[in-house]
Amino acid sequence: MDRMMNADLHCHSVISDGTLTPEALAERAKTNGVELWALTDHDEVGGQDRALAAARAQGLPYLTGTEISVTFAHQTVHIVGLGFDAHNRALVEGLRRTRGGRSERAQEMSDGLSKVGIRNAYEGALQYVGNPELISRTHFARHLVETGVCSDTSEVFRKYLTEGKPGYVPHRWARLQEAVQWITDAGGMAIIAHPARYGFTPNEEYALFSEFKAHGGRGVEVVTGSHSSPEAVRYAETALEFNLAASRGSDFHSPDESRIDLGTLPYLPGQLTPVWELLADRIQ
Ligand code: AMP
Ligand code: MN
Ligand code: MN
Ligand code: MN
């Protein structure tokens, strides 16, 4: 178990906004040479038992996972949790509360879109949803691509679903401290997901990392499908500066949409402590 391990500790199934089942993901991970896998659906652990059973069937070592939406400094930050007890009451209940409000938000997004002539987007997005409690912007994006409004999902986000655009509705997610505590108290490790994606000022980013550590957070994603290689180098330095373990995950959502497939990332850079070294006794 070293940094040269093909661990893929971040991906999504139909239980959140991915397009494959946990079983199909386990099979794909195995085929692509993944040596340690975690399914990390947004704000949800409902797929964990299926993912573990599917990993076992493939002979694939598994860590439980989730990706929690958090509001920090008026922005949405994602916290990955790994190696927790997926049946922990406080975690399950906290995630359930975090999912609440997604339907209302989706209705408001649809109202915003109808003002620019895009009708019935809520009903359209619902057709792509696997888990009714987890309607997300991704499902709207798929609907708008399928109906020809845009040619790909990134165009949908750029034109309709990001701040200042007609389908964007600000939302209040969990607090950083609660997300870190739910994961940690359930025996797992909290990890800052894809830090380069947030567009924080240096001061805000420093505050995120310091508060995260103060609450008991222990890791950061360094090699991820949403980082360029210079960004991975930059956050390798941040991991050392804050004495955080380093994680690696594709953030795979769909064979048709994701740039990086399961198990196809570069290895972690040297000197870093891989999160799986600290989670060795949580691997199933
Ligand atoms: P939500 O939790 O409903 O706000 O949706 C967030 C999800 O939208 C993320 O987990 C990504 O899967 C997806 N997403 C966010 N920004 C983009 C983007 N620029 N292009 C494609 N997908 C995106
Ligand atoms: Mn997503
Ligand atoms: Mn994310
Ligand atoms: Mn993700």
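Residues numbered from 1 in each chain as written. Chains lettered and ligands numbered in written order. Predicted model: local features only at pLDDT ≥ 70, side-chain atom pairs only at ≥ 80, totals over all residues. Heavy atoms only, no water.

Turning our attention to the coordination of the manganese ion (ligand 2). Asp17 (OD), His42 (NE2) and His253 (NE2) make up the full set of protein donors to the manganese ion (ligand 2), lying at 2.2 Å. Mapping the donors of the manganese ion (ligand 2) onto the primary sequence gives the spacing D-x24-H-x210-H. The metal-metal distance between the manganese ion (ligand 2) and the manganese ion (ligand 3) is 5.6 Å. Residue aspartate 17 is found in the loop between strand E1 (7-8) and helix H1 (22-31), and its partner histidine 253 is found in the loop between strand E7 (245-249) and helix H11 (275-278); the two are separated by 236 residues along the sequence. The pair formed by aspartate 17 and histidine 253 is uniform in burial state, with each residue classed as buried. (Donors = N, O, S within 2.8 Å, 3.2 Å for Na, K, Ca; no water. Helix = DSSP H or I, 4+ residues; strand = E, 2+ residues; numbered from the N terminus. Buried < 20%, exposed > 50% of the residue type's maximum accessible area, 1.4 Å probe, protein only.)

The next thing to look at is the pairing of E7. Here E7 lies mainly inside the structure; five of its five residues are buried. Side-chain alternation along E7 places Ala245, Ser247 and Gly249 on one buried face and Ala246 and Arg248 on a second face that is also buried. One ladder, built from five bridges, connects strand E6 (residues 219-224) with E7; its direction is parallel. Of the residues in E7, the one forming a bridge with glycine 219 is alanine 245. In this region the chain leaves E6, passes through helix H10 (residues 229-241) and returns to the parallel neighbour E7; the handedness of that crossover is right-handed. (Pairing = 2+ DSSP bridges. Right-handed = clockwise from strand over helix to strand, strands pointing away.)

Of all hydrophobic cores here, the largest spans 53 residues; its most connected members are Leu9, Ile79, Val222 and Val275. The biggest single contributor to this core is helix H8 (residues 176-185), with five residues. Among residues more than four places away in sequence, those in contact with valine 275 are Leu9, Leu82, Met189, Ile191, Ala245, Ala246 and Ser247. Core analysis: the second largest hydrophobic core is formed by 17 residues, Ala106, Met109, Val129 and Leu161 among them. (Core = buried A, V, L, I, M, F, W, Y, C linked by side-chain atoms within 4.5 Å. Contact = heavy atoms within 4.5 Å.)

In the region of ligand 1, the neighbouring residues are Asp17, His42, His78, Arg102, Arg105, Ser136, Arg137, Thr138, Phe157 and His253. For the shell around ligand 1, the secondary structure elements donating two or more residues are helix H4 (102-114) and helix H6 (137-146). (Near = heavy atom within 4 Å.)

Next up on the list: the confidence of the model for the chain. Looking at the chain, pLDDT values average 97 and 100% of them are 70 or higher. Of all helices and strands in the chain, the one with the weakest mean pLDDT is helix H7 (residues 153-161) (97), whereas strand E5 (residues 189-192) scores best (99). (pLDDT = per-residue confidence, 0-100.)

Turning to the sheet that holds strand E3 (residues 65-72), a few remarks are in order. Spatially, five strands are ordered E3-E4-E5-E6-E7 in an open sheet, and the strand pairing comes out mixed. Looking at strand neighbours, the two that pair on one side only are E3 and E7, the edges of this open sheet. Recorded for the sheet is a direction-independent mean angle of 40° between the axes of neighbouring strands. The pairing of E3 with strand E4 (residues 75-82) spans eight bridges and is classified as antiparallel. Within the sheet, the bridge partner assigned to glycine 65 lies in E4 and is leucine 82. (Axes fitted to C-alpha atoms, helices over the stretch in contact; angles between N-to-C directions.)

With that out of the way, let us pick up the pattern of salt bridges. Applying the stated rule across the entire model yields 10 salt bridges. Across the pair glutamate 155 and lysine 159 runs a salt bridge, and its minimum N-O distance is 2.5 Å. Taken together, the positions of glutamate 155 and lysine 159, both in helix H7 and four residues apart, correspond to about one turn of that helix. Where arginine 197 meets glutamate 231, a salt bridge forms, and the shortest distance between an N and an O atom there is 3.6 Å. On the criterion of sequence distance, the pair formed by arginine 197 in the loop between E5 and helix H9 (202-214) and glutamate 231 in helix H10 is long-range, its members being 34 residues apart. Accessibility expressed as a relative area gives 44% for arginine 197, which makes it partly exposed. Given a relative accessible area of 22%, glutamate 231 falls into the partly exposed group. Among the charged side chains, a network of salt bridges with common partners joins Glu44, Arg99 and Glu133. (Salt bridge = Lys/Arg side-chain N within 4 Å of Asp/Glu carboxyl O.)

In this section: the environment of threonine 64. Its place among the elements puts threonine 64 in the loop between helix H2 (48-58) and E3. For threonine 64, a relative accessible area of 7% corresponds to the buried category. For the pair threonine 64 and valine 156, spaced 92 residues apart in sequence, the C-alpha separation works out to 31 Å. Filtering out sequence-adjacent residues up to four positions away, threonine 64 remains in contact with Ala38, Gln48, Gly81, Leu82, Gly83, Phe84, Ala86 and Gln284. A distance of 2.7 Å separates the side chain of threonine 64 from the backbone oxygen of phenylalanine 84, its partner in a polar contact. (Polar contact = N/O pair within 3.5 Å; in protein donor to acceptor, adjacent residues only side chain to side chain.)

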